[in-house]
Amino acid sequence: MPNSLVFVHSLYDPAEVKGAVEAFGHLANFSLEEGDGESLVTIDEIQKDYKDILVDSFANYALEASIVANRKEAAGDLL
Amino acid sequence: MSKKTAKAETVRGPLDGQPETENRPASKQEAAESGAQAAADFADSEEFTYAIADRTVAFVLDESLYKKDAVFGTAYLFIEKCYVYLTQPEDGQIGVRLRTRGEADQPALEEMAGEFVNELLNQMIRHSVGESTMRIREYYMARAFFATDTQTTIDDLLAELDDEELEEAPLEIAVPWEESDA
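An account of the accompanying structure is given in this report.

What counts, and where the lines are drawn
Residues numbered from 1 in each chain as written. Chains lettered and ligands numbered in written order. Predicted model: local features only at pLDDT ≥ 70, side-chain atom pairs only at ≥ 80, totals over all residues. Heavy atoms only, no water. Contact = heavy atoms within 4.5 Å. Buried area = accessible area lost by both parts, 1.4 Å probe. Salt bridge = Lys/Arg side-chain N within 4 Å of Asp/Glu carboxyl O. Helix = DSSP H or I, 4+ residues; strand = E, 2+ residues; numbered from the N terminus. Buried < 20%, exposed > 50% of the residue type's maximum accessible area, 1.4 Å probe, protein only. Phe/Tyr/Trp six-rings, centres within 6.5 Å; stacked < 30°, edge-to-face > 60°. Axes fitted to C-alpha atoms, helices over the stretch in contact; angles between N-to-C directions. Parallel < 35°, antiparallel > 145°, perpendicular 65-115°, else oblique. Left-handed = near helix turned anticlockwise from the far one by under 90°.

**Topic: the interface of chain A and chain B**
Each partner contributes to the interface: chain A provides 18 residues, whereas chain B provides 18 residues. Carbon and sulfur atoms supply 56% of the area buried between chain A and chain B, which totals about 1700 Å² over both sides. If you sort the residues of chain A by the area they bury against chain B, A:Leu11, A:Asp56 and A:Asn60 come out on top, with a joint share of 34%. Applying the counting criterion to the chain A and chain B interface returns 2 salt bridges. B:Arg97 is the salt-bridge partner of A:Asp56, the closest N and O atoms lying 3.4 Å from each other.

This is how it looks when you write it as structure tokens:
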């Protein structure tokens, strides 16, 4: 059964969600749909070894990348 | 997912008509009692509600109370400890879902939620202090990097030294020893 995660753009950077899909792409079958103010990620056919942790790890990765991007944006030219 | 509510305990201090306050002037005592009552009402009314399921605790934060940057700062720290997923149940709200990496019982999940909220307050204070001291930090940075006064002062001092007639010093302190021997 596929897992679906909604990443709202006010909290998650859509570019970073896309980057997370690319980073985890070899471990499962990902589909990414850009909606109105949110990205819907559906994860299916997860490799057996990563079944228990992949969805949560993916969400963690996307969040961390989004926070880092948010801080860089806030810092502007200083970084 | 079961729903739990953690209520803050009402802590009543000596301002509730205890002997310590008996000698205070009436107006001050009234004000203190009013403040204590407000604190007690706050403690009675404010609830921290969270839902607990297998390895997971979830709760909703009001964005008017907790700035998004503070939530991000807290979430960033908790990414190391557990799995964090943020949602937006409604406008002006941030949903937080924490899932442990291993097995966890209910007290452990409650403790994790409490730690998250404590760290959130810590981040709020950091943010607030950062904002209130931003101008003075900018001022010092600007002084350190862009001030030209220092250079002018050094130039002035060097010029002043050049103007002095050191050769005429009676003790010849400024004359090198090789020259004074000769």
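**Considerations on unusual backbone geometry**
Residues and elements named next belong to chain A. The backbone of Glu-45 shows a phi angle near 50°, a positive value even though the residue is not glycine. Inspection of the secondary structure puts Glu-45 in the loop between β3 (38-44) and α2 (54-75). Relative accessible area serves as the criterion here: at 60%, Glu-45 is assigned to the exposed category.

**A word on the packing of aromatic side chains**
One pair of aromatic rings is described through two measures. These are the centre distance and the angle between the planes. All names here are of chain A. By the definition in use, this model includes 9 aromatic pairs over all chains. Between the aromatic rings of Phe-7 and Phe-58, the centroid separation amounts to 5.8 Å while the plane-to-plane angle is 70°, which identifies the pairing as edge-to-face. Of this pair, Phe-7 sits in strand β1 (residues 3-8) while Phe-58 sits in helix α2, and the two are 51 residues apart along the sequence. Judged by relative accessible area, which is 0%, Phe-7 ranks as buried. Centre to centre, the rings of Phe-24 and Phe-58 are 5.6 Å apart; their planes meet at 90°, and the pair counts as edge-to-face. Highlighted residues: Phe-24 in helix α1 (residues 14-24) and Phe-58 in helix α2, separated in sequence by 34 residues.

**Re the packing of α2(A) against helix α2 (residues 68-78) of chain B**
If you want to describe how two helices pack, look at the angle between their axes and the distance between the axes. Taken N-terminus to C-terminus, the directions of α2(A) and α2(B) make an angle of 135°; their axes are 10 Å apart at the nearest point. In terms of axis orientation, α2(A) runs oblique to α2(B). As for how α2(A) packs across α2(B), the hand of that crossing is left-handed. Side by side, α2(A) and α2(B) meet where A:Leu63, A:Glu64, A:Ile67, A:Val68, A:Asn70 and A:Arg71 of the first sit next to B:Asp69, B:Phe72, B:Gly73, B:Ala75 and B:Tyr76 of the second.

Spatial relationships are all this shows, so hold off on functional conclusions.
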